[in-house]
Structure formats: C-alpha cells, structure tokens
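Chain and residue survey
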Amino acid sequence: MNRQRAAEKLRSSKLYALLRRTTEYMDRYYLDAAVGFAIPGGIGDAISGVFSLLYVYFAAFVVRSVPLALAVLNNIMRDVIMGMIPFYVGDVIDIFHKSNKKNMALIDGFVDGDEQIVSTVKRKAAWSAAIFVLLCILLYAMIRLVIWAGQQVISLF
C-alpha cells in the first residue's frame, strides 16, 4: 500500500506530466526524428538528447534510483548514437527506436515495482556502468597519447 501511495505521488507531479508530454511529442508525433532531419550532422540528435535528460533527472532526483538513471541514460545514448548515423539513416531509425517511450516504460515499471522491469533496469545499469568505466579508460589513454604526440612534436624543434 505504501508503494502505491509513493507511485501515485510521483505520477501526480508536474515533472511526471512533462515527461508524459515529452514522450508523446518526441515519439508519437516523431519530433525526435523531425529534429534530426531538420538539423543535420548529429546536432539535431544531440538537441533531442538534451530534452531526454528530463528522464535522467526524474530517475535520479525524484525516484532517487541510480540504476534507473543509468538505464534511462543507456537508452538516450543509444538513441543519440543511432540518430547520428549519416545520410538520414539514423533519423529513419529514430522513427522506430522510440527511446522516450522506452524510458517512460522503465520509469513506470520501476515505480510500480514490476519485477521484469526492475531486472531490465539492473541489467542496463550494469552495462552502462561498465561502458562508462571503459570510456574513462579510453579518455585517459587518448589524453596520454596526445601528451606523448605533443612531446614528440616539440622534440623535433
């Protein structure tokens, strides 16, 4: 019963209503894909990704779940990366991927305590954390490579 009250309180918030409207406009009316078509070069996809950060904020600070926030972020990053595929192929994929709808389903299922959704959230969160660590290692390696290359260039003079 306590869980139901908490779920009702979350669903009655203004931010939740904003998430619902964002989901509707971005996925049902294909605004996500339209922005990608209208602003090429991956910039439109990045703009759509910024709107999707509302889901991350809701998951992290309203629901207060790091795994849920990571799972939502996983969907957003997939959407942005797929949307950046050149020659408008990514924008066509955006029409079918519907990451905002997937994020809304994750949030709703997690808040309701749906075991299957909670399991999915945990799995996606683990993958997101592993990828984040890998990206940090790659970033460190790239910085070291740039420093080494800079030293090599300087030593030529």
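This write-up is about the structure you can find in this document. Given the structure is predicted, the values throughout are model-derived calculations rather than measurements. (Residues numbered from 1 in each chain as written. Predicted model: local features only at pLDDT ≥ 70, side-chain atom pairs only at ≥ 80, totals over all residues. Heavy atoms only, no water.)

Looking now at the overall build of the protein. Along its length, the protein carries 8 helices and 0 strands. In terms of C-alpha radius of gyration, the protein reaches 19 Å, well past the compact-globule figure of 15 Å for 157 residues. By residue count, 36% of the 157 residues in the protein fall in the buried class. Surface exposure of the protein reaches about 10,200 Å², of which carbon and sulfur atoms provide 71%. Both charge centroids of the protein, one from 17 positive and one from 12 negative side chains, sit 7 Å from each other. (Helix = DSSP H or I, 4+ residues; strand = E, 2+ residues; numbered from the N terminus. Rg over C-alpha atoms; globule rule 2.2 N^0.38 Å. Buried < 20%, exposed > 50% of the residue type's maximum accessible area, 1.4 Å probe, protein only. Areas by Shrake-Rupley, 256 points an atom, 1.4 Å probe, with all protein chains shown as cover. Lys, Arg positive; Asp, Glu negative; His and termini not counted. Charge placed at Lys NZ, Arg CZ, Asp CG, Glu CD.)

Between helix α4 (residues 43-62) and helix α7 (residues 99-112), whose axes approach to 11 Å, the crossing angle comes to 10°. Taken together, the axes of α4 and α7 lie roughly parallel to each other. Of the residues in α7, those in contact with Ser52, Tyr55 and Phe58 of α4 are Asn100, Asn103, Met104 and Ile107. When grouped by side-chain class, the residues that make up the contact of α4 with α7 number 4 nonpolar, 3 polar and no charged. (Axes fitted to C-alpha atoms, helices over the stretch in contact; angles between N-to-C directions. Parallel < 35°, antiparallel > 145°, perpendicular 65-115°, else oblique. Contact = heavy atoms within 4.5 Å. Nonpolar A, V, L, I, M, F, W, Y, C, P; charged D, E, K, R; others polar.)

Judged by nonpolar contacts, the single largest core of 24 residues is most densely connected at Phe58, Val63, Leu68, Val72, Ile107 and Val121. For this core, the elements supplying multiple residues, two or more each, are α1 (2-11), α2 (14-28), α4, α5 (66-83), α7 and α8 (115-155). With 6 residues, α5 is the largest single contributor of residues to this core. Non-local contacts of Val121, meaning those with residues more than four positions away in its chain, are made with Pro67, Leu68, Ala71, Leu106 and Phe110. (Core = buried A, V, L, I, M, F, W, Y, C linked by side-chain atoms within 4.5 Å.)

Counted according to the given criterion, the structure contains 4 salt bridges. Taken together, the shared-partner salt bridges in this structure form one network comprising Arg11, Arg20, Asp108 and Asp112. (Salt bridge = Lys/Arg side-chain N within 4 Å of Asp/Glu carboxyl O.)

Taken N-terminus to C-terminus, the directions of α1 and α7 make an angle of 150°; their axes are 9 Å apart at the nearest point. By the angle between their directions, the pair α1 and α7 is classed as roughly antiparallel. Residues Arg3, Ala7, Leu10 and Arg11 of α1 form the contact with α7, whose participating residues are Asp108, Phe110, Val111 and Asp112. Here the contact of α1 with α7 is composed, by residue class, of 4 nonpolar, no polar and 4 charged.

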